[in-house]
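# Structure assessment
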Amino acid sequence: DAKTTQPTSMDCAEGRAANLPCNHSTISGNEYVYWYRQIHSQGPQYIIHGLKNNETNEMASLIITEDRKSSTLILPHATLRDTAVYYCIAPSDQTGANNLFFGTGTRLTVIP
Amino acid sequence: ETGVTQSPTHLIKTRGQQVTLRCSSQSGHNTVSWYQQALGQGPQFIFQYYREEENGRGNFPPRFSGLQFPNYSSELNVNALELDDSALYLCASSLEKGIDTEAFFGQGTRLTVV
């Protein structure tokens, strides 16, 4: 897996956009960027993934820089239920997308 | 479609005992991975099964073993339990073992070794 670096923690006001950065400068051309989150005491939840282009789904948007060395997960209108640990992962194309190195992630706290 | 289900939800075992944890994968998913999550840490990959064969293993000793059945459900077995094996054990299934697919996690089994 490509090494990823994320801030340890972030705060976001409820209703505002939460922008979570991730550096993955050693990512190779075939490796996707995945985002998962884990709400306390629950299993991780898939959010979104992408290779080169920006992606959007009902949960979030993923912005990947042109050189693919970093990305940003955007939660457009954060709610208290978005408080969780967010993991940015770039699994190896040799080992696949269900062989994940989670690291320490970013603890996002949404403040009322 | 049903999600990933794990059983039991909680378990207490004594050091030296053996334990079996079970996972039913999401319908149609042929790939199952197991993870161990110690308190305050991120999940750590134990191993993966694809179509009943082990397809990758993390840095865990041989006393951690597994099985995948023809219906793609899976078991994690841990022998000679140690106190440090106390953790949340997570199962995740995916449609394939490739790179462009998401993993769906169960809620985990909380194992306490005393």
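What comes next concerns the included structure. Note that the coordinates shown come from a computational prediction; the quantities given were computed from them, not determined experimentally.

Let's shift gears to the packing of aromatic side chains. Tallying each qualifying case throughout the model produces 13 aromatic pairs over all chains. Aromatic side chains F60(B) and F64(B) sit 5.1 Å apart centroid to centroid with 65° between the ring planes, which places their arrangement in the edge-to-face category. The same class applies to F60(B) and to F64(B), which are both buried. An aromatic cluster is present here, built from Y32(A), Y34(A), Y36(A), Y46(A), Y87(A), F102(A), Y35(B), F45(B) and F105(B) joined pairwise through their rings.

This brings us to the interface of chain A and chain B. It is common to give the size of an interface as the accessible area lost on bringing the parts into contact. If you look at the interface, chain A gives 22 residues, while chain B gives 24 residues. Here chain A and chain B share an interface that buries about 1,700 Å² over both sides, 50% of which is from carbon and sulfur atoms. The largest contributions to the chain A side of the interface with chain B come from P44(A), N98(A) and F102(A), which together make up 31% of the buried area. Linking chain A with chain B are zero salt bridges, by the criterion used here. Put simply, chain A and chain B have 13 residue pairs in polar contact (both at pLDDT 80 or more) between them. Those elements that provide at least two residues to the side of chain A that touches chain B are β3 (33-38) and β4 (45-50) of chain A.

For a regular strand, side-chain orientation follows a simple rule: the groups alternate between the two sheet faces. Residue and element names in this part refer to chain A. Sheet topology note: the strand β2 (residues 18-23)/strand β7 (residues 70-75) ladder contains six bridges and is antiparallel. Residue pairing across strands places L20 opposite L73, the latter belonging to β7. Sheet analysis places strand β6 (residues 61-64) next to β7, joined by four bridges and oriented antiparallel. In the sheet register, L62 faces β7, and the bridge partner there is L73. Here β6 hands over to β7 after five residues, with R68 in that stretch at a positive phi of 65°.

Moving on: unusual backbone geometry. Across the junction of S7(B) and P8(B), the peptide omega takes the value -10°, indicating a cis bond. Structurally, P8(B) can be placed in the loop between β1 (5-7) and β2 (10-13). Positive phi is not limited to glycine here, since R68(A) has a value of about 65°. Its location among the elements puts R68(A) in the loop between β6 and β7. Here E52(B), not a glycine, exhibits a phi torsion of approximately 75°, which is positive. Here E52(B) is to be found in the loop between β5 (44-50) and β6 (53-57). For E52(B), a relative accessible area of 40% puts it in the partly exposed group.

Okay, the state of the cysteines next. Within the structure shown, the criterion is met by two disulfides over all chains. Each sulfur of the disulfide joining C22(A) and C88(A) lies 2.1 Å from the other. Its S-S torsion of about -80° marks the bond between C22(A) and C88(A) as left-handed, since a negative value means left-handed. In this pair, C22(A) sits in strand β2 while C88(A) sits in strand β8 (residues 84-89), placing the two residues 66 residues apart along the sequence. What makes C22(A) buried here is its relative accessible area of 1%. Exposure remark for C88(A): the relative accessible area of 0% places this residue in the buried category. Between the sulfur atoms of C23(B) and its disulfide mate C91(B) the distance is 1.8 Å. Disulfide C23(B)-C91(B): torsion about the S-S bond near -60°, hence left-handed. With C23(B) in strand β3 (residues 19-24) and C91(B) in strand β9 (residues 87-94), the pair connects residues that are 68 residues apart, well separated along the chain. When its relative accessible area of 0% is taken as the criterion, C91(B) is described as buried. In this model C12(A) remains outside any disulfide bridge; the closest cysteine sulfur is found in C22(A), 18 Å from its own.

Below, the discussion takes up the side chain of T106(A). All names here are of chain A. Within the secondary structure, T106 is located in strand β9 (residues 106-111). A relative accessible area of 0% places T106 in the buried class. At 3.4 Å, the side chain of T106 forms a polar contact with the side chain of Q6. If we skip the residues at most four places from it in the chain, T106 touches Q6, P7, T8, S9, M10, L20, A84, V85 and Y86.

So, how was this worked out
- Residues numbered from 1 in each chain as written.
- Chains lettered and ligands numbered in written order.
- Predicted model: local features only at pLDDT ≥ 70, side-chain atom pairs only at ≥ 80, totals over all residues.
- Heavy atoms only, no water.
- Phe/Tyr/Trp six-rings, centres within 6.5 Å; stacked < 30°, edge-to-face > 60°.
- Buried < 20%, exposed > 50% of the residue type's maximum accessible area, 1.4 Å probe, protein only.
- Contact = heavy atoms within 4.5 Å.
- Buried area = accessible area lost by both parts, 1.4 Å probe.
- Salt bridge = Lys/Arg side-chain N within 4 Å of Asp/Glu carboxyl O.
- Polar contact = N/O pair within 3.5 Å; in protein donor to acceptor, adjacent residues only side chain to side chain.
- Helix = DSSP H or I, 4+ residues; strand = E, 2+ residues; numbered from the N terminus.
- Pairing = 2+ DSSP bridges.
- Disulfide = S-S within 2.5 Å.

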